[in-house]
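Summary of structural features
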Amino acid sequence: MGGREQPPERGGVPDDAACVAVQIERRPRSAVEVVARCHLGLPVVIAVPPHLEDGTPFPTHYWLTCPLAVKRIGRLEGAGGVRAADDRIASEPGFAERYQAAMAAYAATRDALVDPALPNPPAGGVGGSRRGVKCLHAHYAHHVSGADNPVGEDVAADIEPLNCEVPCVVAAPEGAVRNPEWREPQLPS
């Protein structure tokens, strides 16, 4: 996974914008640009512009859309994963250096896209954080986009593979829908 990828031919799978809307359970507030896909061809991470369509500043440049990854990372966060990442940053200088570099790279990538004519540019590093790990989902999305993000790398080791047997979203007569056949797969032992 990683890098900006073109959609493969996906019979029976809706277009990216419709798929993302089902994955995140609402219409995206900006154009959908997929930067990483799962082995079934569905979006895992999208790039979000620094200002949404309505002009709202948005600091989270890489947005995780994959329901399986969101669910697994939610469990990590619920079990103290953010605090564990913060503790590792505080206690391991090499890890902390990589973390700070990831935060700076994330901000630079996002900030390069800011329209100077718009007020209130977004700020902060990964997920808009100015200090500490704010969201494991955002760090994982940054890692999956192809960036060197040590927090996201650690998350990946805990939640991958994203080994769905059937797609989480499918096309239906009424449009894109959550696949009723989708079930969370077991992680390999």
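Residues numbered from 1 in each chain as written. Predicted model: local features only at pLDDT ≥ 70, side-chain atom pairs only at ≥ 80, totals over all residues. Heavy atoms only, no water.

Of note, the bond from Glu160 into Pro161 is cis; its omega dihedral lies within 30 degrees of zero at 10°. In this structure, Pro161 sits in the loop between α6 (150-159) and β4 (169-172). You will see that Glu25, though not glycine, has its phi angle at about 65°, which is positive. Looking at the element boundaries, Glu25 is found in the loop between α1 (16-24) and β1 (33-37). Taking relative accessible area as the criterion, Glu25 reaches 67% and is therefore assigned exposed. Positive phi, close to 55°, is recorded for Asn120, a residue that is not glycine. Mapped onto the secondary structure, Asn120 falls in the loop between α4 (93-111) and α5 (136-144). Judged by relative accessible area, which is 54%, Asn120 ranks as exposed. (Helix = DSSP H or I, 4+ residues; strand = E, 2+ residues; numbered from the N terminus. Buried < 20%, exposed > 50% of the residue type's maximum accessible area, 1.4 Å probe, protein only.)

The next subject is the side chain of His137. Summarising the element assignment, His137 is placed in helix α5. Among the polar contacts listed, one links the side chain of His137 to the side chain of Glu77, at a separation of 3.3 Å. (Polar contact = N/O pair within 3.5 Å; in protein donor to acceptor, adjacent residues only side chain to side chain.)

Right, let's talk about the nonpolar core for a bit. Counting 38 residues, the largest nonpolar core has Val44, Val45, Leu64, Tyr140, Val151 and Leu162 as the members making the most contacts within it. Judged by nonpolar contacts, the second largest core, of 7 residues, contains Val20, Ile46, Val48 and Phe58. (Core = buried A, V, L, I, M, F, W, Y, C linked by side-chain atoms within 4.5 Å.)

Quick look at the sheet that holds β1 now. With antiparallel pairing, 3 strands are arranged side by side in an open sheet as β1-β2-β3. A single partner strand is all that each edge strand has here, and the edge strands are β1 and β3 (62-64). On average, adjacent strands in this sheet sit at an angle of 30° to one another, irrespective of strand direction. (Pairing = 2+ DSSP bridges. Axes fitted to C-alpha atoms, helices over the stretch in contact; angles between N-to-C directions.)

Here the structure, examined in full by the defined rule, presents 2 aromatic pairs. With centroids separated by 5.5 Å and ring planes inclined at 45°, the aromatic side chains of Phe58 and Trp63 adopt a geometry described as tilted. What makes Phe58 buried here is its relative accessible area of 12%. Overall, Trp63 belongs to the partly exposed group, its relative accessible area being 26%. Where Tyr62 meets Tyr106, the ring centres are 5.8 Å apart and the plane angle is 70°; that geometry is what we call edge-to-face. One end of the pair, Tyr62, is in strand β3; the other, Tyr106, is in helix α4, with 44 residues separating them in the sequence. (Phe/Tyr/Trp six-rings, centres within 6.5 Å; stacked < 30°, edge-to-face > 60°.)

Running from N to C, helix α2 (residues 67-78) and α6 point in directions that differ by 105°, and their axes come no closer than 10 Å. Taken as axis vectors, α2 and α6 run roughly perpendicular relative to one another. Side by side, α2 and α6 meet where Ala69, Arg72, Ile73 and Leu76 of the first sit next to Val155, Asp158 and Ile159 of the second. Here the residues of the contact of α2 with α6 are counted per class, giving 5 nonpolar, no polar and 2 charged. (Parallel < 35°, antiparallel > 145°, perpendicular 65-115°, else oblique. Contact = heavy atoms within 4.5 Å. Nonpolar A, V, L, I, M, F, W, Y, C, P; charged D, E, K, R; others polar.)

Once that is clear, we can look at the pairing of β4. Examined bridge by bridge, β4 and strand β5 (residues 175-178) share 4 bridges and lie antiparallel to one another. Considered in β5, the bridge of Ala172 is made with Gly175. Between β4 and β5, which pair antiparallel and follow one another directly, the connecting turn spans 2 residues.

Buried residues dominate α5, accounting for 8 of its 9 residues. Along α5, the residues that are buried comprise Leu136, His137, Ala138, His139, Tyr140, Ala141, His142 and Val144. Positive phi appears at Gly146, one or two residues downstream of α5, with a value of about 110°.

Remember that the coordinates give geometry; whether it matters functionally is a separate question.
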